Amino acid sequence: MKIFGFQIPSVFSLLIWAGVWEVIGQLEWVFIFPPLSGVLIELWDLVGTNAFHKASISTLKSFCYGMFFAITGGVSLGFFMGRVDAANKLLGMWVNIFASAPLSSLVPVLILLFGLGQTTIIVTVVLFAIWIITLDTLAGIKHVSPSLIEMGQSFGASRWNLLYKILFWAALPEILAGIRMGFIRAVKGVIIGQLLVSIIDFGQMFATFSRNLYMEEFWALTLVLFVFALGISSLIGEMEKRVEYYAGVRD
Amino acid sequence: MAIAEQNTIPLAAPTFSDNNIVEVKGVSKFYEPDIQALLDINLGFPKGQMTTLLGPSGCGKTTLLKIIAGLLEPTEGDVFVNGQLVTGPGPERAFVFQDFALMPWATVLRNVSFGLELRGMAKDERYEIARRYITNVGLEGFGEKYPHELSGGMRQRVGLARAMAVDADVLMMDEPFSAVDEQTRRQFQEDLLNLLSIEKKTVLFVTHSIEEAVYVSDQIVLLSPRPGRINKTVRPDIDHAASSDEIRRGKNYLDSVEEIWHELKGYLE
């Protein structure tokens, strides 16, 4: 962004919006917007509480387990569909449906299947994240130049060698993009899961705060999750940059 | 159809001998029942010589090369290399690709040594061989570069070094110079001939450039448009020890170019 010819760092936009928030909060126009300063003070207190620690560890655990299954499952499924045409025809439609369906509506069914506990949250995370990873991996595999595959074959690559020495690396930019989007969806998944299960961790905290109109606490927790999602996304973004140099020159 | 029949010239008689390292016998390729890419190809490739498959676009020359490479299966017929039936790719054949087919995530050194890596050779050993060929193709000092840091001509040199490094008897080159500019192309042709005079490989070369075919080849096989059939075999009889200028001004070179052009012109009419 440039103002009067001066380059303004993008963090200024964040500061401006923070200022707007503070002013609206101080004016007490809308009760759901307490001043940002109050939210930040609450955030400081919240982060120090035992409940927050417990919820963070438990949420992180569900998140990591879920993402582990989503990445291994999604990448494998994407490879399988990319290399076996019949599998793509058979599963392609379903993966696309799941990738765009409002999966929140399935959570009550998951609760029936897996109970009101962490398993349901993990399955929710997997369900939210796996399809986009599958689709992006599939796109990556389909994008691999046929002559690169022929090159491998002509030099005697076994199927396994072809898979992990050529196909995996050639599709890596798309796989990482899928994983990044999968992470963002997984943050949604873990919170929606907890909200619907409602008696555990951040979901419980969210439910309590919003039910009792503790808006400062509510926004503090929301900020924590935003920063977490943004952090993860930037981290994967950095990894993507490391393979970007060849993503555009593969054809 | 009538025009095509008019231009059909009797098939060249199969010439098989002990001297041929690659023999193609009765090979046809149909993509669908009604799309014939190649029809009844019988052809011998003499050992240690450079044979070029020349013909208009879509005549199946790349298809034939890929069948010999074992990357495609013929619908009918067989290919023999060193007397052995080809059922897939083999270590005695190495392929140079039109679009280079380099791994963009790997350095020049790893790309060149990739064929050896797939054969399970130890890293030090394969890197040593790769370095030698990187020097031989004129890329000394570029081993740690990535393909996107190189020009098109340099990338194809990497492709050539990779094919040379596995020490195959037969080098197969599919329009290797079509993606590089004319001056690079000429330089590359000369370098290729120099390199081959040292390495003594059998080369199967595909091009649609008449001048290139005549300049580099011992034997030129003219293929007719789809379905590809062998129309004529020309041996330009050029002394490759002569300088580039002498070759290009020589009578044999000019006569061969003219003869082939005359032949190919028939397809346009």
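Residues numbered from 1 in each chain as written. Chains lettered and ligands numbered in written order. Predicted model: local features only at pLDDT ≥ 70, side-chain atom pairs only at ≥ 80, totals over all residues. Heavy atoms only, no water.

### Topic: the overall build of chain A
- Secondary structure assignment for chain A yields ten helices and two strands.
- Taken from N to C terminus, the helices and strands of chain A fall in the order β-β-α-α-α-α-α-α-α-α-α-α.
- Considering only C-alpha atoms, chain A reaches an extent of 70 × 60 × 30 Å along its principal axes.
- In chain A, which comprises 251 residues, the share counted as buried stands at 46%. (Helix = DSSP H or I, 4+ residues; strand = E, 2+ residues; numbered from the N terminus. Buried < 20%, exposed > 50% of the residue type's maximum accessible area, 1.4 Å probe, protein only.)

### As for helix 2 (residues 61-69) of chain B
Residue and element names in this part refer to chain B.
- Of all nine residues in helix 2, eight are buried; the element is thus mostly enclosed.
- Of the positions making up helix 2, those classed as buried are Lys61, Thr63, Leu64, Leu65, Lys66, Ile67, Ile68 and Ala69.
- Glycine 70 lies just past helix 2 and shows a positive phi near 85°.

### Things to note about unusual backbone geometry
All names here are of chain B.
- Residue aspartate 40 is not a glycine yet carries a positive backbone phi of 45°.
- You can see aspartate 40 is positioned in strand 2 (residues 35-46).
- Of note, the phi angle at glutamate 175 is positive, near 40°, even though the residue is not glycine.
- Mapped onto the elements of the fold, glutamate 175 is located in the loop between strand 7 (170-174) and helix 7 (182-199).
- Among the residues examined, glutamate 175 registers a relative accessible area of 9% and is labelled buried.

### A short note on the sheet that holds strand 10 (residues 230-234) of chain B
Residue and element names in this part refer to chain B.
- Reading across from one edge, 6-7-8-3-9-10 is the order of the six strands in this open sheet, with mixed pairing throughout. Two strands lie at the open edges of the sheet, namely strand 6 (93-96) and strand 10, each paired on one side alone. Strand after strand, the sheet turns through a mean of 20° between neighbouring axes, direction not considered.
- As defined by bridge partners, strand 3 (residues 50-54) adjoins strand 9 (residues 219-223) across four bridges and the pair is classed as parallel. Bridge assignment links threonine 51 to a residue of strand 9, and that residue is glutamine 219. (Pairing = 2+ DSSP bridges. Axes fitted to C-alpha atoms, helices over the stretch in contact; angles between N-to-C directions.)

### Observations concerning the packing of helix 4 (residues 85-100) of chain A against helix 6 (residues 118-143) of chain A
Residue and element names in this part refer to chain A.
- Axis separation between helix 4 and helix 6 bottoms out at 9 Å; the angle between their running directions is 140°. As the angle between them shows, helix 4 and helix 6 are arranged oblique. In terms of crossing hand, the pair formed by helix 4 and helix 6 is left-handed. In this structure, helix 4 uses Asp85, Asn88, Val95, Asn96, Phe98 and Ala99 to contact helix 6, whose residues at the interface are Trp131, Thr134, Leu135, Leu138 and Lys142. (Parallel < 35°, antiparallel > 145°, perpendicular 65-115°, else oblique. Left-handed = near helix turned anticlockwise from the far one by under 90°. Contact = heavy atoms within 4.5 Å.)

### What to know about the domain arrangement of chain A
All names here are of chain A.
- For chain A, the assigned domains read domain 1 (1-33) and domain 2 (34-249).
- The straight-line distance from the C-alpha centre of domain 1 to that of domain 2 is 30 Å.
- Each partner contributes to the interface: domain 1 provides eight residues, whereas domain 2 provides eight residues.
- Taken together, domain 1 and domain 2 are joined by zero salt bridges.
- Run the count over domain 1 and domain 2 and you get three residue pairs in polar contact (both at pLDDT 80 or more).
- In terms of residue class, the side of domain 1 that touches domain 2 is built from five nonpolar, two polar and one charged. (Domains from an automatic or database assignment. Salt bridge = Lys/Arg side-chain N within 4 Å of Asp/Glu carboxyl O. Polar contact = N/O pair within 3.5 Å; in protein donor to acceptor, adjacent residues only side chain to side chain. Nonpolar A, V, L, I, M, F, W, Y, C, P; charged D, E, K, R; others polar.)

### Here's the deal with the nonpolar core
- Among the nonpolar cores identified, the biggest contains 152 residues, and Val24(B) and Leu160(B) are the most heavily contacted of them.
- Those residues in contact with Leu160(B) that lie beyond four places of it in its chain are Val96(B), Val137(B), Leu171(B), Met173(B), Phe188(B), Leu192(B) and Leu195(B). (Core = buried A, V, L, I, M, F, W, Y, C linked by side-chain atoms within 4.5 Å.)

### Quick word on the packing of aromatic side chains
- Counted according to the given criterion, the structure contains 14 aromatic pairs over all chains.
- The interplanar angle of 80° and the centroid separation of 5.5 Å between the aromatic rings of Phe168(A) and Trp169(A) together place this pair among those described as edge-to-face.
- Classification of Phe168(A) by relative accessible area gives partly exposed; the value is 29%.
- Owing to a relative accessible area of 36%, Trp169(A) belongs among the partly exposed residues under this scheme.
- Taking 5.8 Å as the distance between ring centres and 55° as the angle between the ring planes, the aromatic pair formed by Phe177(B) and Phe205(B) counts as tilted. Of this pair, Phe177(B) sits in the loop between strand 7 and helix 7 while Phe205(B) sits in strand 8 (residues 202-207); the two residues are 28 residues apart in sequence, bridging distant segments of the chain. (Phe/Tyr/Trp six-rings, centres within 6.5 Å; stacked < 30°, edge-to-face > 60°.)

### Topic: the confidence of the model for chain B
All names here are of chain B.
- Of all residues in chain B, 93% have pLDDT values of 70 or greater, and the mean over the chain is 82.
- Ranking the elements of chain B by mean pLDDT puts helix 1 (residues 2-7) last with 36 and helix 3 (residues 108-112) first with 93.
- For residues 1-16, every residue scores under 50 in pLDDT, and the model assigns this stretch 18 contacts once sequence neighbours within four places are set aside.
- Under the prediction, the complex receives an ipTM of 0.83, its pTM being 0.79. (pLDDT = per-residue confidence, 0-100.)

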